[in-house]
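Chain residues, written in single-letter form:
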Amino acid sequence: TASIPQMLREMYQQDGFAAWFQGLGPELTRGVLSAALMLMIKEQLANWVRIMVLLPNPTRKAPHSAQAARQQNNARRRRQQQQQQRQ
């Protein structure tokens, strides 16, 4: 069995310095494409989750804040007072 240094030496003697880098192009292409695919899938999942979390469910009422409830009550009281003044 040959050792790694012996194999490297034989490769260099037979095909030159470029033999050490055969297959590098396809391997880099594979790595770049797989990274791009994973990034695209991650972004699509993040968008889907963002939509599911942020969009309100149309079948239930959105919860009101305390401030919004106070504003609605104040407006209701003003309307009632205006109606009483007219009578």
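Notes on the structure follow. Bear in mind that the values here come from a model prediction, so they are computed numbers and not experimental data. (Residues numbered from 1 in each chain as written. Predicted model: local features only at pLDDT ≥ 70, side-chain atom pairs only at ≥ 80, totals over all residues. Heavy atoms only, no water.)

Overview of the overall build of the protein
Spelled out, the test is: What counts as a helix is a DSSP run of H or I of at least four residues, what counts as a strand is a run of E of at least two, and both are numbered from the N terminus. Exposure classes here rest on a 1.4 Å probe applied to the protein chains alone. A residue is buried below 20% of its type maximum, exposed above 50%, and partly exposed in between. Per-residue and other accessible areas were derived by the Shrake-Rupley procedure at a 1.4 Å probe size, with only the shown protein chains allowed to occlude residues.
Scanning the protein from N- to C-terminus turns up 3 helices and 0 strands. Traced from its N-terminal end to its C-terminal end, the protein shows the element sequence α-α-α. Across the 87 residues that make up the protein, the buried fraction comes to 1%. If you sum the accessible surface of the protein, you get close to 8,500 Å²; carbon and sulfur atoms cover 59% of it.

A word on a nonpolar patch on the surface
Where we set the bar: Exposure above 30% relative accessible area and no salt bridge define the residues that can form patches, which grow by joining like charges within 9 Å and nonpolar side chains of Val, Leu, Ile, Met, Phe, Trp and Tyr within 5 Å. Salt bridges are identified by distance alone: a Lys or Arg side-chain nitrogen within 4 Å of an Asp or Glu carboxyl oxygen.
A cluster of nonpolar side chains, Ile4, Leu8, Tyr12, Phe17, Trp20, Phe21, Leu24 and Leu28, forms an exposed patch at the surface whose accessible area comes to about 840 Å². Structurally, phenylalanine 17 is set in the loop between helix H1 (4-15) and helix H2 (24-54).

Comments concerning the pattern of salt bridges
With the rule as written, the count across this model stands at 2 salt bridges. Arginine 30 is paired through a salt bridge with glutamate 27; the nearest N and O atoms lie 2.4 Å apart. Of this pair, arginine 30 and glutamate 27 both sit in helix H2, 3 residues apart, which is roughly one turn of the helix. For arginine 30, a relative accessible area of 52% corresponds to the exposed category.

Quick notes on the packing of aromatic side chains
Aromatic ring pairs are reported here in terms of the distance separating the ring centres and the angle at which the planes meet. As a reminder of what qualifies: We call Phe, Tyr and Trp rings a pair once their centres come within 6.5 Å, taking the six-membered ring for Trp, and we label the pair stacked below 30 degrees between planes, edge-to-face above 60, and tilted otherwise.
Scanning the model with the defined rule gives 3 aromatic pairs in all. Arranged with centres 5.3 Å apart and planes meeting at 65 degrees, the rings of phenylalanine 17 and tryptophan 20 form a pair that is edge-to-face. Three or more aromatic residues joined by ring pairs form one cluster here, namely Tyr12, Phe17, Trp20 and Phe21.

Focus on H1
Every α-helix carries 3.6 residues per turn, so stepping three or four residues along brings you back to the same face. Filter applied, for reference: Each residue after the first adds 1.5 Å to the expected span of a helix.
The terminal C-alpha atoms of H1, which comprises 12 residues, lie 16 Å apart, in line with the 16 Å expected from a rise of 1.5 Å per residue. Phi turns positive one or two residues past the end of H1, at glycine 16, with a value near 85 degrees.

Overview of a positive patch on the surface
In plain terms, the rule: Charge assignment: positive for Lys and Arg, negative for Asp and Glu; neither His nor the chain ends contribute. Charged groups are reduced to one reference atom each: NZ for lysine, CZ for arginine, CG for aspartic acid, CD for glutamic acid.
Taken together, the side chains of Arg76, Arg77, Arg78 and Arg79 make up a positively charged region of the molecular surface. As for its position among the elements, arginine 79 is in helix H3 (residues 66-86).

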